[in-house]
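Observations on the model geometry
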Amino acid sequence: MIPGDFEFKQPASKDEALSMLRDGGDDARPLLGGQSLIPMMKLRMASPDILVDLRGLDDLRHISIGKSIHIGAAVTQHELIGSEELFNVCPIIRETALVIADPQIRYSGTIGGNVANGDPGNDMPALMQCLDATYILESSEGIREVKARDFYEAAYFTALQTGEIVTGIRFPKPESGHGYSYQKLKRKVGDYATAAAAVVLSLSGDNVKSASVALTNLADTPLFVEKAEDILVGSQLTLNTIRATMDAAEAIMEPVSDGRGSREYRTKMGGIMVKRAIEQAAMRADGTAKGGLFGWLKR
Amino acid sequence: MAKTLIQLTVNGEPHEVAVNPRDLLIHTLRETLGLTGAHIGCDTSHCGACTIDIDGQSSKSCTMFAVQANGSNITTIEGMAGADGTLHVLQEAFREMHGLQCGFCTPGMIMRAHRLLEENPTPTEEEIRIGISGNLCRCTGYQNIVKAIQHASETLTSNVEA
Ligand SMILES: Cc1cc2nc3c(=O)[nH]c(=O)nc-3n(C[C@H](O)[C@H](O)[C@H](O)COP(=O)(O)OP(=O)(O)OC[C@H]3O[C@@H](n4cnc5c(N)ncnc54)[C@H](O)[C@@H]3O)c2cc1C
């Protein structure tokens, strides 16, 4: 499978990249890890005339951690997994990156490409909604910010305009002692989710102090379960409150029937992922089950 | 589309190659440089038979354009054995532990195992299984591949200690 012809451009700076994309208009596409775009080009589902390679741009490669966490678009999934600093303040990033694709793909695939791609199967978008992330979008016209919760319109349709790129993402640092879990049901390593759920919550005694739930691959966009907060915050985690959250989540799911299962099956599995993620997050919020099998990773 | 000249260091040797932007790295390696060790299995970045080492990372060379590799340092399975033909510890371990049957996945498995052991010289069995999860083998059921990597890990770490 050989992709169509295109012109390959390697800008030396972000500004140069933005002018190339402005001049290229609809015929130009940004390229990061290529792990979604190259397969699509091989299948001729995408045939851009110009590719603008953003990988070498230093402005897009930083992780910085303060009151909020900023991650540059070109940071790879491998780098996200390997960052101890990030793991210490927001371990769900590593947990999620580890269930994306496989090791080789994670060396190349980036967080920016993953959130900008618009494939409902991508795992980072729901996590970004769960963490209430903001995407930083830049074009030759200037800079603007869009919340992950407002960014996705339909499969492969996002708030991105022609000539605009995601340069980074930013989200508030989750409070210390929070519980978290990304639960993904998949048929095999490297498969997109049959159903997946991201949960971050914090407890105060037996009561839920904050809670955020989002879903992957259960509609043509990632889904933020708005009602979860109303149901859980101020309540205790009981069979009833967890059941009510599952119901609220299932009510907004619209998965297609496909090789991963029927619509009914995937919806039920979506509910189960929510349940497991809440339970695991609650366990971790109590301070148990921390740590990592992957502490050895250097980067 | 005009060809571009790119520089690659492959298995220690510098090359200058003219490529089309749409040429995939696996094709440049196999067809232009004649290095047919990396295999084209699925051609969809699932099977890992085309895995090579590029600037210290494992990569599926069917899902990378040759132009993206401009300036990089690449190792393929052909670069693993010594100049005199002495097998690399991993190759020896795959032979010793019967880590292959048909051999189609082996170049990718070994290149991936090589990077895994560089990053983590003493992986647990679970870490090995996760580490090679992007490489499919349809013969062995993975048991002996895991044993071969464990064996190579032991040999390499005892070489360092000695
Ligand atoms: C076998 C296989 C299995 C996979 N499994 C999973 C999985 O389980 N979960 C998952 O989440 N992903 C999965 N992926 C996809 C992988 O995570 C990709 O790396 C990711 O979706 C895209 O990141 P990238 O850096 O490779 O982007 P690219 O492929 O370079 O780009 C993706 C898209 O985003 C656009 N784009 C790139 N950069 C920017 C930018 N800065 N601003 C705006 N637009 C941009 C491109 O034009 C393109 O349309 C899988 C891929 C493969 C090949």
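Conventions adopted
- Residues numbered from 1 in each chain as written.
- Chains lettered and ligands numbered in written order.
- Predicted model: local features only at pLDDT ≥ 70, side-chain atom pairs only at ≥ 80, totals over all residues.
- Heavy atoms only, no water.
- Helix = DSSP H or I, 4+ residues; strand = E, 2+ residues; numbered from the N terminus.
- Buried < 20%, exposed > 50% of the residue type's maximum accessible area, 1.4 Å probe, protein only.
- Contact = heavy atoms within 4.5 Å.
- Domains from an automatic or database assignment.
- Buried area = accessible area lost by both parts, 1.4 Å probe.
- Salt bridge = Lys/Arg side-chain N within 4 Å of Asp/Glu carboxyl O.
- Pairing = 2+ DSSP bridges.
- Axes fitted to C-alpha atoms, helices over the stretch in contact; angles between N-to-C directions.

An unreviewed UniProt entry annotates chain B as Carbon monoxide dehydrogenase small chain originating from Pseudovibrio axinellae.

Under an unreviewed UniProt entry, the name given to chain A is Carbon monoxide dehydrogenase medium chain, and the organism recorded is Pseudovibrio axinellae.

**Some remarks on the environment of A93 of chain B**
Residue and element names in this part refer to chain B. If you trace the backbone, A93 turns up in helix α2 (residues 89–96). Judged by its relative accessible area of 1%, A93 is buried. Measuring from C-alpha to C-alpha, the distance between A93 and I110 comes to 9.9 Å, with 17 residues separating the pair along the chain. Leave out the neighbours within four places in its chain, and A93 touches A148, H151 and A152.

**Thoughts on the domain arrangement of chain B**
Residues and elements named next belong to chain B. Assigned domains within chain B: domain 1 (4–79) and domain 2 (89–161). Centre-to-centre, using C-alpha coordinates, domain 1 lies 21 Å away from domain 2. The partner domain 2 presents 12 residues to the 18 residues of domain 1 that form the contact. Across the domain 1 to domain 2 interface the summed buried area is about 1200 Å²; carbon plus sulfur atoms make up 59%. Counting the surface domain 1 buries against domain 2, the share from its top three residues, H39, T51 and I77, is 38%. Summed over the shared surface of domain 1 and domain 2, the number is 1 salt bridge.

**Structural notes on the sheet that holds strand β2 (residues 13–19) of chain B**
Residues and elements named next belong to chain B. The mixed open sheet is built from 5 strands, whose spatial order is β2-β1-β5-β3-β4. Each of the sheet's edge strands pairs with one partner strand only, and the pair in question is β2 and β4 (57–60). On average, adjacent strands in this sheet sit at an angle of 40 degrees to one another, irrespective of strand direction. Where strand β1 (residues 4–10) lies against strand β5 (residues 72–75), 3 bridges are found, and the strand directions are parallel. If you follow T9 over to β5, its bridge partner there is N73. Of the strands in this sheet, β3 (51–54), β4 and β5 are in contact with helix α3 (residues 106–119), which crosses β3 at around 35 degrees.

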